[in-house]
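Here's the letter readout for the chains.
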Amino acid sequence: MAHDHHSGVEEASHQAMGEEHEHPTWREYKWVALILTLITVIEVWVYYTPFKQSTMFVPVLLGMSAVKFAIVVAFYMHLKYDHKLFRTLFIGPLIIAISTLTALLFLFSKFKY
Amino acid sequence: MTTAAVPHQAHPPTTTGLDHRKVAIWAFIGSECMLFASLISTYLIYKGKSVVGPFPHESWTDPATGHVLQPILNIPVTSMSTFVLLMSSLFMVLALEAVENKNKPAYQGTLRGNSSFWLMATALAGATFLGFQAFEFTSFVHEGLTIRRNLFGSSFFTLTGFHGAHVTAGVLWLLTLYSIDKKRGLGPKDAVLVDICALYWHFVDVVWIAIFTLVYLIS
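Treat the numbers as computed from the prediction; the structure is a model and nothing was measured.

## Overview of the overall build of chain A
The secondary structure content of chain A amounts to 4 helices and 0 strands. Moving toward the C terminus, one meets the helices and strands of chain A in the order α-α-α-α. When each of the 113 residues of chain A is scored for burial, the buried share is 29%.

## Considering the interface of chain B and chain A
On the chain A side, the residues contacting the 53 residues of chain B number 49 residues. Only α1 (2-9), α2 (20-46), α3 (75-100) and α6 (191-217) of chain B provide two or more residues apiece to the side of chain B that touches chain A. Counting residues per element, the side of chain B that touches chain A draws most heavily on α2(B), at 14 residues. Residue composition of the side of chain B that touches chain A, by class: 31 nonpolar, 13 polar and 9 charged.

## Considerations on the domain arrangement of chain A
By a frequent convention, interface size equals the accessible area lost on bringing the separate parts together. Segmentation of chain A into domains returns domain 1 (25-78) and domain 2 (82-113). A C-alpha centroid distance of 20 Å is found between domain 1 of chain A and domain 2 of chain A.

## Looking at the environment of Lys49(B)
All names here are of chain B. Mapped onto the elements of the fold, Lys 49 is located in the loop between α2 and β1 (60-61). Residue Lys 49 is classed as exposed on the basis of its C-beta count, with 11 C-beta atoms lying within 10 Å. In sequence terms Lys 49 and Asn 150 are 101 residues apart; their C-alpha atoms lie 8.8 Å from each other.

## A look at helix α5 (residues 151-184) of chain B
With 34 residues, α5(B) should reach 50 Å at 1.5 Å per residue; the first-to-last C-alpha distance of 50 Å fits that figure. A positive phi of about 85° marks Gly185(B), the residue just after α5(B).

## So, unusual backbone geometry
Residue and element names in this part refer to chain A. One non-glycine residue, His 78, adopts positive backbone phi at about 60°. Along the chain, the position of His 78 falls in the loop between α3 (57-76) and α4 (84-107). We classify His 78 as buried; it has 24 C-beta atoms within 10 Å.

## Considering the environment of Tyr178(B)
Examined against the element boundaries, Tyr178(B) turns out to sit in helix α5. The spatial distance from the C-alpha of Tyr178(B) to the C-alpha of Phe55(B) is 41 Å, given a sequence separation of 123 residues.

## Quick look at the confidence of the model for chain A
For chain A, the average pLDDT comes to 83, and 77% of its residues sit at 70 or higher. Across chain A, the secondary-structure element scoring lowest on mean pLDDT is helix α1 (residues 2-16) of chain A, at 49, and the one scoring highest is α3(A), at 94.

## Structural notes on the packing of α2(B) against α6(B)
All names here are of chain B. Where α2 contacts α6, the two axes come as close as 11 Å, and the packing angle between them is 15°. Taken together, the axes of α2 and α6 lie roughly parallel to each other. Considering how the two elements wind past one another, α2 and α6 form a crossing that is right-handed. Of α6, the residues touching α2 (which contributes Arg 21, Lys 22, Ile 25, Ile 29, Glu 32, Phe 36, Ile 40, Tyr 43 and Leu 44) are Val 192, Asp 195, Ile 196, Leu 199, Tyr 200, Phe 203, Val 207, Ala 210, Leu 214 and Val 215. Taken together, the residues that form the contact of α2 with α6 break down as 15 nonpolar, no polar and 4 charged.

## A short note on the nonpolar core
Among the nonpolar cores identified, the biggest contains 74 residues, and Ala95(B) and Val194(B) are the most heavily contacted of them. Listed by contribution, the elements that provide at least two residues to this core are α2 (26-47), α3 and α4 of chain A together with α2, α3, α4 (115-142), α5 and α6 of chain B. Per-element tally for this core: the top contributor is α6(B), with 20 residues. Apart from the residues within four sequence positions on either side, Val194(B) is in contact with Ala95(B), Leu96(B), Val99(B), Leu177(B) and Leu186(B).

Reading guide: rules and limits
Residues numbered from 1 in each chain as written. Chains lettered and ligands numbered in written order. Predicted model: local features only at pLDDT ≥ 70, side-chain atom pairs only at ≥ 80, totals over all residues. Helix = DSSP H or I, 4+ residues; strand = E, 2+ residues; numbered from the N terminus. Buried ≥ 20, exposed ≤ 12 C-beta atoms within 10 Å, placed from the backbone. Contact = placed C-beta atoms within 7 Å. Nonpolar A, V, L, I, M, F, W, Y, C, P; charged D, E, K, R; others polar. Domains from an automatic or database assignment. Expected span 1.5 Å × (residues − 1). pLDDT = per-residue confidence, 0-100. Axes fitted to C-alpha atoms, helices over the stretch in contact; angles between N-to-C directions. Parallel < 35°, antiparallel > 145°, perpendicular 65-115°, else oblique. Left-handed = near helix turned anticlockwise from the far one by under 90°. Core = buried A, V, L, I, M, F, W, Y, C linked by C-beta atoms within 7 Å.

Structural data, given as structure tokens:
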């Protein structure tokens, strides 16, 4: 009975939060933290290498930053597991924000075109 | 037993079937994306257009005094604060997991089930990040960079200051949850309260991920 009570409470709790699947486990969370730390270490290491002078430096850094961003949003913010309405509420404005930022940078001639 | 427990959990009926508080926090986070995009855009547009130093990545000689000012950004210190903020996100998910699973035997009496510990650890990590930021701001002012000094100073302090204000609000939110947890204990029925705080906290973290790359690492 106690088990039923607990699983009922947890199920209702997950439904209230709009989750469609279970969260990652404790172990997965630690792996995610390790990957995020490793990417950060690589970012800082690259900053101190001659690769900083390369034309690929900025795209590589932006790529690593985007991967970190996506990992946090997908796993820590549970967007991968949540209801699609939450995904829409976040990704919609994010697309508008990135588009606005890009348009402004073109407008103020930060990009050569 | 199960049906008796559910009404304590369930939110009032909604058209979406989802808790309004969680819909609201995601809508808020969406609007915050646009706020920070505007602040980051402003920083990037003004980047390299300052007439006088100090500059973020280049040294500058003051023509009046001949004094040479070194590049002002301190990458090692900011890397440490970035690491602390990343770890705070780990502590936050562990706090949420502890609250969600508090009634499970495997979590009772263990560190995994100690939500107070993880909430306080997250708040302390956030406070440590703010300490790094206070150190950075103070050292910049001592080196001659104020919000009125040049375009870099204005846009940099506005962007990172707004982010710091968000971290401060997050720390206060976490300490409130910690107090509630100490007073009456947070359980699975309160998971949505911790979840919306966690979403806000992780958002503050992802904004810093963008700022760290765009402001500190890209010259």
